[in-house]
Protein chains: 2
Amino acid sequence: MTSRRHTSYDVAKLAGVSQSAVSRVFSPSGSASPEMRDKILRAAKKLNYKPNAIAQSLSYGRTRIIGMIITHFSNQIYPVPLNAVTGNLMESGESVLLQIAEPGALGDDAVQRLLRYRVDAIVCTSDLSKQAIAHCIAEKVPIVLVNRKSSSPHVDHVVSDNFESSQRVALGLASSGVVKTLFLKGPESNWVAQLRYKGYQKGCREAGMPRPLTADGQFTYEGGYETAMKYSDRIGEIDAIVSANDTMAIGAIDALVYEMGLSIPGDVRIVGHNDSPEARLKPYQLTTIRQPMDAMLKKATELALQRIENPDLPSTDIIMASELVLRKSAVW
Amino acid sequence: MTSRRHTSYDVAKLAGVSQSAVSRVFSPSGSASPEMRDKILRAAKKLNYKPNAIAQSLSYGRTRIIGMIITHFSNQIYPVPLNAVTGNLMESGESVLLQIAEPGALGDDAVQRLLRYRVDAIVCTSDLSKQAIAHCIAEKVPIVLVNRKSSSPHVDHVVSDNFESSQRVALGLASSGVVKTLFLKGPESNWVAQLRYKGYQKGCREAGMPRPLTADGQFTYEGGYETAMKYSDRIGEIDAIVSANDTMAIGAIDALVYEMGLSIPGDVRIVGHNDSPEARLKPYQLTTIRQPMDAMLKKATELALQRIENPDLPSTDIIMASELVLRKSAVW
DNA sequence: TGGCAAATTGCATCCGGATGCAAAATTAGG
DNA sequence: CCTAATTTTGCATCCGGATGCAATTTGCCA
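Analysis parameters
- Each chain carries its own residue numbering, running from 1 in the written order of its sequence.
- By the order in which they are written, chains take letters starting at A while ligands take numbers starting at 1.
- In view of the model being predicted, local features appear only for residues whose pLDDT reaches at least 70, and side-chain atom pairs are presented and counted only at 80 or more, with totals across whole chains, interfaces and linings using the full set of residues.
- Only hydrogens and water are set aside when side-chain values are computed; all heavy atoms of the structure are taken into account.
- Runs of E in the DSSP output that reach at least two residues are strands. Runs of H or I that reach at least four are helices, and both are numbered from the N terminus.
- We compute the radius of gyration from the C-alpha atoms alone; for a globule the expected value is 2.2 Å times N to the 0.38, where N is the number of residues.
- In this scheme, a residue with accessible area under 20% of its type's maximum is buried, one over 50% is exposed, and one in between is partly exposed, where area comes from a 1.4 Å probe on protein chains only.
- Residue contacts follow a heavy-atom distance rule, with two residues in contact if any of their heavy atoms lie within 4.5 Å.
- By the counting scheme adopted, Arg and Lys are positive, Glu and Asp are negative, and His together with the chain ends is not counted.
- To locate a charge, take NZ of a lysine, CZ of an arginine, CG of an aspartate or CD of a glutamate.
- In short, DSSP must find at least two bridges between two strands for them to pair.
- In this analysis an axis means a line fitted to C-alpha atoms, helices contributing only their contacting stretch, and an angle means the value between N-to-C directions, from 0 to 180 degrees.
- Note on terminology: near, applied to a residue and a molecule or strand, indicates that one of the residue's heavy atoms is within 4 Å of it.
- Any N or O atom pair separated by 3.5 Å or less is treated as a polar contact, with the protein-specific requirement of one donor-capable and one acceptor-capable atom, and with residues adjacent in sequence counted only for side-chain atom pairs.
- In this classification, Asp, Glu, Lys and Arg are treated as charged, Ala, Val, Leu, Ile, Met, Phe, Trp, Tyr, Cys and Pro as nonpolar, and every other residue, Gly included, as polar.
- Note on definitions: salt bridges are taken to be side-chain nitrogens of Lys or Arg within 4 Å of carboxyl oxygens of Asp or Glu.
- Side-chain rings of Phe, Tyr and Trp, where Trp is taken by its six-membered ring, are said to pair if the distance between their centres is within 6.5 Å; with planes under 30 degrees apart they count as stacked, over 60 as edge-to-face, and otherwise as tilted.
- Either the NZ atom of lysine or the CZ atom of arginine qualifies as a charge over a ring when it sits within 6 Å of the ring centre and within 35 degrees of the ring normal.
- By definition, the buried area sums, over both parts, the 1.4 Å-probe accessible area that each loses when the two are put together.
- To superpose the copies, least squares is applied to the C-alpha atoms of every residue with a pLDDT of at least 70 in both.

## Looking at the overall build of chain A
- Along its length, chain A carries 12 helices and 12 strands.
- Here the C-alpha atoms of chain A give a radius of gyration of 26 Å, more than 25% beyond the 20 Å that 2.2 N^0.38 yields for 332 residues.
- Reported as C-alpha extents along the three principal axes, the dimensions of chain A are approximately 85 × 45 × 30 Å.
- Expressed as a percentage of its 332 residues, the buried residues of chain A come to 54%.
- Sequence-distant contacts in chain A: of pairs separated by 6 or more residues, those separated by 24 or more amount to 69%.
- Averaged over its 38 positive side-chain charges, chain A has a centre that lies 8 Å from the centre of its 34 negative ones.

## Concerning the sheet that holds strand S4 (residues 143–146) of chain A
- Spatial strand order, S11(A)-S5(A)-S4(A)-S3(A)-S1(A)-S2(A)-S2(B)-S1(B)-S3(B)-S4(B)-S5(B)-S11(B): 12 strands in an open sheet with mixed pairing. Only two strands of the sheet have a single partner each, and these edge strands are strand S11 (317–320) of chain A together with strand S11 (317–320) of chain B. Neighbouring strand axes in the sheet, compared pairwise and without regard to direction, differ in orientation by 20 degrees on average.
- Here three bridges tie strand S3 (residues 121–124) of chain A to S4(A), and the two strands are oriented parallel to one another. Across the sheet, the residue bridging to Cys124(A) is Leu145(A), located in S4(A).

## What to know about the protein's contact with DNA strand C
- Taken together, the neighbourhood of DNA strand C is formed by 25 residues, with Arg24(A), Ser33(A), Ser8(B), Ser23(B) and Gln56(B) sitting nearest.
- Arg24(A) is positioned with one of its side-chain polar atoms (N or O) 2.6 Å from a base oxygen of DNA strand C.
- Side-chain polar atom of Gln19(B) to a base nitrogen of DNA strand C: 3.2 Å apart, as the coordinates give it.
- Taken together, the elements giving at least two residues each to the surface near DNA strand C come down to helix H2 (19–26) and helix H4 (53–60) of chain A together with helix H1 (8–15), helix H2 (19–26) and helix H4 (53–60) of chain B.
- Broken down by class, the residue content of the surface near DNA strand C amounts to nine nonpolar, 14 polar and two charged.

## Some thoughts on the pattern of salt bridges
Residue and element names in this part refer to chain B.
- Applying the stated rule across the entire model yields 34 salt bridges over all chains.
- The closest approach of N and O atoms between Arg-118 and Glu-139, which form a salt bridge, is 3.9 Å. Within this pair, whereas Arg-118 is found in the loop between helix H6 (108–116) and strand S3 (121–124), its partner Glu-139 is found in the loop between helix H7 (130–138) and strand S4 (143–146), the two being separated by 21 residues in sequence.
- For Arg-118, a relative accessible area of 12% corresponds to the buried category.
- Of the charged contacts, one joins Lys-202 and Glu-206 as a salt bridge, the two residues approaching to 3.5 Å between their closest N and O atoms. Note that Lys-202 and Glu-206 are positioned in helix H9 (residues 191–207) at a spacing of four residues, about one turn of the helix.
- Owing to a relative accessible area of 32%, Lys-202 belongs among the partly exposed residues under this scheme.

## A closer look at the packing of aromatic side chains
All names here are of chain B.
- Applying the stated criterion across every chain, the model contains eight aromatic pairs over all chains.
- Between Phe-183 and Tyr-197 the ring centres are 5.4 Å apart and the planes differ by 40 degrees, which places this aromatic pair in the tilted class. With Phe-183 in strand S6 (residues 181–185) and Tyr-197 in helix H9, this residue pair connects regions lying 14 residues apart in the sequence. Judged on exposure class, the residue Phe-183 and its partner Tyr-197 are both buried.
- Above the face of the Tyr-197 ring, Lys-185 is positioned so that its terminal group lies 4.7 Å from the ring centre.

## Describing the interface of chain A and chain B
- Each partner contributes residues to the interface: chain A has 56 residues there, and chain B has 56 residues.
- For the chain A and chain B pair, buried surface summed over both sides reaches about 5,500 Å², with 57% attributable to carbon and sulfur atoms.
- For chain A, the biggest contributors to the area lost against chain B are Arg5(A), Ile54(A) and Tyr117(A); these three give 14% of the whole.
- For the pair chain A and chain B, the number of links is six salt bridges.
- Across the pair Arg280(A) and Glu222(B) runs a salt bridge, and its minimum N-O distance is 3.3 Å.
- Taken together, chain A and chain B are joined by 24 residue pairs in polar contact (both at pLDDT 80 or more).
- A breakdown of the residues in the side of chain A that touches chain B according to their chemical character gives 28 nonpolar, 14 polar and 14 charged.

## Some details on the relation of the copies chain A and chain B
- In the superposition of chain A on chain B (RMSD 0.1 Å, axial shift 0.1 Å), the rotation amounts to 180 degrees. Interpreted geometrically, this transformation is the action of a two-fold axis. Nearest to the rotation axis, the C-alpha of Leu97(A) is located 2.2 Å from it, this being the minimum over chain A.
- Both copies share a contact surface, since 100% of the interface residues of chain A are interface residues in chain B too.

Encoded structure:
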């Protein structure tokens, strides 16, 4: 089989018509007579012709590609329901060009690469520099940040109510008699981690609880595990541990229950954030805050698609309500 | 700011040279005098010009994009270390166009979309029809299957030793005195699931164990959980449960330990496959088979890149050794 | 059946860079 | 200092489709 890639010219020649006719038959905006359409479609089928999306992009001025930047956490994939994104986009005929950013770092390189491919928009769950965002704006590429914040007025945001939900955790715990707590923080540089911490502090103040003890668990299992071990002698004074994500909470539980022989929620209550898959497992039954990541990403892609159509829309900030998932590890 | 997208023509005009000069300065193969290079780079910087990758693709005949098709499992992201792929590719200047296929279905649509974008190669962890593969071959797009098998001689494969590793599980269990076992199967249509089942059966035969009982858990937590519950009255006769993936094994453990009050490995031993993140958690400590998914994907992208350079290489089948991870749930 | 509007089709050009070829400029050698 | 070899640079064209415009055909109605 000597087949090379067939083009609209090949189809045109085979069907005995002009290239523009072929183009028109394959374009929703073009029209053609029934016989012509028929002739061309037959020829196209024979050659297994499909329009070259790259060439289309070049003349159409749109690639129908959405750039997506996600962070991966050390040895664990960032639990982004990617299918929420791609599923949503596939219906509108868009594809996803993926970039993965290191957890701490800025996704600036990723942005550059995406811009070079002239993606129609960028959905990003990673930190970006002001400059990177400025580039997107200058090139008029809409950008939607998911659970991140930028000060630029030209950027859409989709976030969950991180501050308020953590605040409510404090109030809830207080209502069940908890007084002394330990808060497991995420990385300083992480906006979400900070909000959850601040929100929890505020909640403690409002509830009349003392300032929580705090420790930095870097969002990792080991961070949670080791923090718990470090507090082993003082654990008696602590009524509850609140963790900025589930991974650290799971680590802490493993230390408390399986190393120190404590029982949960009997000796200590635990609350996490994110409702990750482990949280619902029988040995944990972790009370946690579920952010509707699925819906958030779906919304983010919708916003992106909207803004592609209508670039001058005022920028939108969407805050989606998290849901408290009360399981056995802490109840109120 | 009225900025539109700047092109090589804009840069050329600003620098007072021809467009081809600009192109040459930005192309590794092109050469230019130092002053020209300087003038152009200055102008380019002023306009923040970067070559349009789409336009480059069109004339270069390569997109520098790798298509990737992954499956997602119901409510859980397929645990593909995507960063293994993208990290590897980023170094060679390639990007990833992502498609997500439904678990059962064939990724044929995904292939079509990728072909329309003229990706340089496809890496796929999903099932594909013969026809889809034929299309790739006809269009001379290299395709690498990860943990799947096709009969086509033009396709590269990277798989783990699914059959042999499951076989070894049987021998290992037998050596520790296990006789009667239950095997938790994955979906019929899944090639990996089948191999693990067959391998385990073979191992049983070799070890002189009776044929294992079998149940279909569809690779899901619920599948494992419910199967275990169903066998609750006969669980006394069973020495060990072997599961074709960890998710089902975890489900089974939750049922056995937290519903039926059994102890592991005291009453039943459990073995899983995949070494998923949950497997190492304290309450499970699941003995499992770890396939080097990271290395497999890395190898797959390497193969793809190689074949892009040299399409006539004989096709390669790589089988990577899995590793037995002995934890508490079963020891030998 | 003539005449005009509407639909069909093809031609030419554009999208943004890459590159073969030839003209112009530089360098080297005698 | 002049010619030949070499480098630098620009012109023209190509990659594969989309589309405005004009030419051609078809259809409709009087």
